[in-house]
Amino acid sequence: MTMTEAVAAPARVPVQMTVNGTDYAAEVEPRLLLVHFLRDNLGLTGTHVGCDTSQCGACVVYLNGESVKSCTVLAVQANGGEVTTIEGLAKDGEYDPVQQGFWEMHGLQCGYCTPGMIMSAHALLKRIPNPTEEQIRHGLEGNLCRCTGYQNIVKAVQYAAGQMNGGGTHDPANTADWERELAGKSDS
Amino acid sequence: MTATVDAPERLVGKAIKRREDPRLITGAGSFLDDVRLPGMAHAAVLRSPYAHARIRGIDVSRALAMPGVLGVFTGEDVKDDINPLPCAWQAGKVQNNVNTPRVLALEKVMQVGDPVAVVVAESRYQAEDALDAIEVDYEELPVVVDAKKATEPGAPQLHDNAPNNVVMEWSCGKDAATVDQALADADVRVSQHIVNQRLIASAMEPRGSIGRYDPGTGEYTLWATSQAPHVHRLLLGAFILGVPEQTIRVIAPNVGGGFGSKIFMYFDMPLVLWLSKKLGRPVKFFEDRTENYLHTAQGRDHITDVEVGATKDGKITALKVKTWANLGGYLSTVAPGIPTTLYGRMVAGCYKIPNIHVDVTGVYTNTAMVDAYRGAGRPEAAYLIERVCDLVAGATGLDPAEIRRRNFIQPGDFPYDTGIGMLPYDSGDYERALNHALDLVGYQDLRAEQDKRRQNGSDKLLGVGMSSYVEVCGIAPSKWIGLPGEGWGAGLWESANVRVHLTGKVVVTTGSLPHGQGHETTFAQLTADQLGVPYDDIEVKHSDTLGTPFGFGSYGSRSLAVGGTAIYKSVEKVKEKAKLLAAHMLEAAPEDIVYENGKAFVKGSPEQGKTIQDLALAAHVGYDLPEGMEPTLEATTFYDPPNCTFPFGTHVCVVEVDRNTGEVDVLRYLAVDDVGNVINPMIVDGQLHGGIAQGLAQALYEGAVYNDIGELVTGTMNEYAIPKADMVPNYELDRTVTPTPVNPMGAKGAGEAGTIAATPAVVNAVVDAVTHLGIRHLDMPLTPERVWRSLQGASA
């Protein structure tokens, strides 16, 4: 067998991992990316691909408790591991506070970056439970959003921090801000 | 109002959380790449590594033998079945030299990234493997990427029918001689060379399409990342594939941002349909980010020489503009309309300028096609005129705010015709927005602080920039936009159907569609209030040509102003029919029936009335209808507005420029926008946030850069600097509300305002910070290096 043929017909290797609490086993090409394993083998299409250079962060998932860009991890590297994707974040029919924050604070528009953004924000709050605005903006540097201009994403993370800490610095009644603003502006 | 009818809570004006979000925050939103069809195969595209080359030959034999490969096709294989893509908006007499792309290049490639061959395989991985096995023999040709250089003698020629690479020579306003005379007569005269750099839309979801041909019915289904499914169907059927339009169905799944780039017809749309028919399998193509940056249509890219004349007291008397607009290697779907109708005719901005002449030369170059990108022509116009205002301020020694005040169109002037061929501006109070913005930002204090720092010789240079913008939204009136040669030879009306089902549930179908703007929420709010039915009983359907009336799609901030009005009018028709039916059921005269809060009743007797749900049931069972009344309760409207709408406002940016490093720190960004009446303020503010971020990013960070051999140097998100969370400020927003008389909701449109306003506000702020050092203008993006170099020059 020549080298060329060896490359053209790569061997498949077994992988098994626990994703969102369910055990999966499959045979995959060694080059298969984790994001493609999740999307194509398991049908978990909530994890998105927005670039090919690990800039955009749309593909962020938890692997063994660490947030990773699943476009930059091979499925075989996750062998034996535990993965949580956006589909696994809500518990017992309740949104995670970060998901809720994005909804409350209009932290998304088209929603394409949102799964990765929520996962990164979730990981940020695990590291820093009550982050400053600067820490939030810095902590989300690995995730790009083209729609929101980030301000409401910051608010969403602050909301989640407030919920998780049983209060925090954020006023959950903040949604009324927009209406108050408008009320003062309807001046003609 | 009669007190005995329970008035439901009004939803218009409320910041209702979006009903779209639950699916999107849980990973359940279905985007193009999430669609999986039984038997679906995957396409990968071989793209040209050269910006300009002749294809001498292509050998696909090795690729065909690769594992999993179902087929490999080149331009020769498809040329008889798939026509070149159409250019729909041939503004400015471009008819004689239209060059549009073929789906796969035939003899020549015109840009890096031009599709040359397609592989279809069982998996994307296998398809991409096979690309490496295709051999193409190219003969390299000379390259030109700069629009102005492309028109000069000796430049490489791209197309035989376009001498000097000129797409069109277009002009508007008074004749050049008159404006030259006005310039000669002016007290103050300034000229400036201004570059509005090329941008990449960078929607987070790249583009793609899935084609499925059904041999049993002969029907094609296309799933596409589309801002305009009906238009795509029309162009595919009538122009590109030559198959009956009604045999094609186009579906846009959840679309992950567009910003204009998903309006256009792209090569992969007809190609996947053709491939599916050829191979008997559904075929998916989904760009990777590099392909998106190389080949999906880009924006801006103007080179402009502007000359302005003014009186000593700052009244602008003459404006002469010469712009070279780079349109890329071929014409994209509406490309020629952007630098002409949507740019040239908007250069007056908010100002009364008696003498304007605009020349625009559209140019072919060996670069990606340029078409509408968020704002589309209007950001280029606003940038130009707002820089001009500051140049006049510099030349006259007057405050930039004062220049604007002295030239504003006044509230009593509307409808106002700027004299350069735009439709009359509908309504506005420009000075109120300006004054309000300056009050909020503390303008006088900032000027005092700036003076102090300058006197102290501080290294932190303070700059305050403003832009008072006006833009044209709700792009529609067909009598204007449909005019061949000026418009695009088709209407731009919009459609809606409102149907009250037998059960009382309401389905609104619209020809417009969202790609992040929250149509499902906003349109349901609007319908709930107007029809008096519970919000949760209303469903908004869109994005599928099967089941929605023909519509032109979403762009140009037109969904609410045009599409929303179609819904409004459909609801009115439903209510009229409901009243007639109620009159029959209540044995009353139709003229005595009033409709309020979901109930039709004889004036003064609301307790005896019929609810809309009662009436829907009666209309559907249909056994007791007035003579001549058709069953069911629904109405369709095709709405063609009498005018566009013209949102406006003033944005103010405060920056600190580090004299030693050239770094720009945005200290504050404050915006006062007037988008007319607002349905959902949370959504409108979100649109403004995102728009401002994109406009600010043009000023400070972004720019698509080609090298001299036509390679896109900024070909990934590593090099093209779309902003991250820590690269943008908090936005302070406020509004004035000047309802438009154009539509019954008084809503103007908000999708593009932020982008249009922000770029000049930021650049004006940076230039303001350094203007006392003799710097009059800086070209974007204002990177630390560029600012630092300019400061070095100024210090020397």
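Residues numbered from 1 in each chain as written. Chains lettered and ligands numbered in written order. Predicted model: local features only at pLDDT ≥ 70, side-chain atom pairs only at ≥ 80, totals over all residues. Heavy atoms only, no water.

Asks: Give me the lowdown on the overall build of chain A, citing residues and values where you can.
Replies: Secondary structure assignment for chain A yields 7 helices and 5 strands. Element order for chain A, N to C, with α for helix and β for strand: α-β-β-α-β-β-β-α-α-α-α-α. Counting the 188 residues in chain A, one finds 53% classified as buried. A total of about 7,800 Å² of accessible surface is found on chain A, and carbon and sulfur atoms cover 51% of it. (Helix = DSSP H or I, 4+ residues; strand = E, 2+ residues; numbered from the N terminus. Buried < 20%, exposed > 50% of the residue type's maximum accessible area, 1.4 Å probe, protein only. Areas by Shrake-Rupley, 256 points an atom, 1.4 Å probe, with all protein chains shown as cover.)

Asks: Could you give an account of the packing of helix H15 (residues 519-531) of chain B against helix H16 (residues 559-586) of chain B, with specific residues and numbers?
Replies: All names here are of chain B. At a closest axis distance of 10 Å, the pairing of H15 and H16 adopts a crossing angle of 30°. Considering their axes alone, H15 and H16 lie roughly parallel with respect to each other. As H15 runs across H16, the sense of the crossing is right-handed. Across from His519, Thr522, Phe523, Leu526, Thr527, Gln530 and Leu531 in H15, the residues of H16 making contact are Ser559, Leu560, Gly563, Gly564, Ile567, Tyr568, Val571, Glu572, Val574 and Lys575. Grouping the amino acids of the contact of H15 with H16 by side-chain chemistry returns 8 nonpolar, 7 polar and 2 charged. (Axes fitted to C-alpha atoms, helices over the stretch in contact; angles between N-to-C directions. Parallel < 35°, antiparallel > 145°, perpendicular 65-115°, else oblique. Left-handed = near helix turned anticlockwise from the far one by under 90°. Contact = heavy atoms within 4.5 Å. Nonpolar A, V, L, I, M, F, W, Y, C, P; charged D, E, K, R; others polar.)

Asks: Which residues make up the interface of chain A and chain B, and what are the values?
Replies: Of the residues lining the interface, 58 residues belong to chain A; the matching set on chain B comes to 67 residues. Surface buried jointly by chain A and chain B totals about 5,500 Å² across both partners, of which 54% is contributed by carbon and sulfur atoms. For the pair chain A and chain B, the interface holds 6 salt bridges. Linking chain A with chain B are 29 residue pairs in polar contact (both at pLDDT 80 or more). Looking at the side of chain A that touches chain B residue by residue, the classes come out as 23 nonpolar, 21 polar and 14 charged. (Buried area = accessible area lost by both parts, 1.4 Å probe. Salt bridge = Lys/Arg side-chain N within 4 Å of Asp/Glu carboxyl O. Polar contact = N/O pair within 3.5 Å; in protein donor to acceptor, adjacent residues only side chain to side chain.)

Asks: Which residues make up the confidence of the model for chain B, and what are the values?
Replies: Low-pLDDT portions of the prediction should not be read for the details of their coordinates. Residues with a pLDDT of 70 or more make up 98% of chain B, whose mean pLDDT is 96. With pLDDT under 50 throughout, residues 1-5 of chain B is counted as low confidence; its partners more than four residues away or in other chains account for 12 contacts. (pLDDT = per-residue confidence, 0-100.)

Asks: Describe the domain arrangement of chain A, and please don't skip the residues or the numbers.
Replies: Residues and elements named next belong to chain A. Partitioning chain A into domains gives domain 1 (7-88) and domain 2 (97-175). On a C-alpha basis, the centres of domain 1 and domain 2 stand 24 Å from each other. At the interface, 17 residues of domain 1 touch 16 residues of domain 2. Between domain 1 and domain 2, a total of about 1,200 Å² is buried, with carbon and sulfur atoms accounting for 58% of that surface. Considering only the side of domain 1, the residues that lose the most area to domain 2 are His48, Tyr62 and Ile86, jointly responsible for 44% of the buried surface there. (Domains from an automatic or database assignment.)

Asks: Give me the pairing of strand S1 (residues 41-47) of chain B: which residues, what numbers.
Replies: All names here are of chain B. With 7 of 7 residues buried, S1 is to be regarded as a mostly interior element. With burial as the criterion, each face of S1 is covered, one bearing Ala41, Ala43, Val45 and Arg47 and the other bearing His42, Ala44 and Leu46. Bridge count for S1 against strand S12 (residues 283-286) is 2 bridges, and the pairing is parallel. Counted as the bridge partner of His42 is Lys284 from S12. As paired elements, S1 and strand S5 (residues 115-121) share 6 bridges and run antiparallel to each other. Bridged to Leu46 within S5 is Ala117. (Pairing = 2+ DSSP bridges.)

Asks: Which residues make up the packing of helix H18 (residues 681-700) of chain B against helix H19 (residues 753-770) of chain B, and what values go with them?
Replies: Residues and elements named next belong to chain B. Close contact between H18 and H19 brings their axes to 7 Å; oriented N to C, the two are set at 40°. Pair H18 / H19 crosses with right-handed handedness. On the side of H18, the interface is formed by Leu688, Gly691, Ile692, Gln694, Gly695, Leu696, Gln698, Ala699 and Leu700, while H19 contributes Ala753, Gly754, Thr755, Ala758, Thr759, Val762 and Val763. Its residues placed into classes, the contact of H18 with H19 shows 9 nonpolar, 7 polar and no charged.

Asks: Describe the nonpolar core, listing the residues and the values that go with them.
Replies: Across soluble globular proteins, you tend to see nonpolar side chains buried next to one another. By size, the foremost hydrophobic cluster in this structure holds 284 residues, and its most contacted members are Phe102(A), Leu236(B), Leu319(B), Tyr425(B) and Val657(B). Each residue touching Leu236(B), except ones within four places of it in the same chain, is listed here: Leu222(B), Leu241(B), Gly242(B), Ile248(B), Val250(B), Met265(B), Met269(B), Pro270(B) and Leu273(B). Ranked by size, the runner-up nonpolar core spans 18 residues in total, among them Val15(A), Leu38(A), Leu63(A) and Ala75(A). (Core = buried A, V, L, I, M, F, W, Y, C linked by side-chain atoms within 4.5 Å.)

Asks: Just give me the short version of the packing of aromatic side chains, but keep the residues and values in it.
Replies: Throughout the structure, instances matching the rule amount to 17 aromatic pairs over all chains. Here the aromatic rings of Tyr95(A) and Trp103(A) are separated by 6.0 Å at their centres, their planes lie at 80°, and the arrangement is edge-to-face. Accessibility expressed as a relative area gives 27% for Tyr95(A), which makes it partly exposed. Here the aromatic rings of Tyr112(A) and Phe31(B) are separated by 5.1 Å at their centres, their planes lie at 85°, and the arrangement is edge-to-face. Of the two residues, Tyr112(A) sits in the loop between helix H3 (97-104) and helix H4 (114-127) while Phe31(B) sits in the loop between helix H1 (21-25) and S1, which places them in two different chains. (Phe/Tyr/Trp six-rings, centres within 6.5 Å; stacked < 30°, edge-to-face > 60°.)

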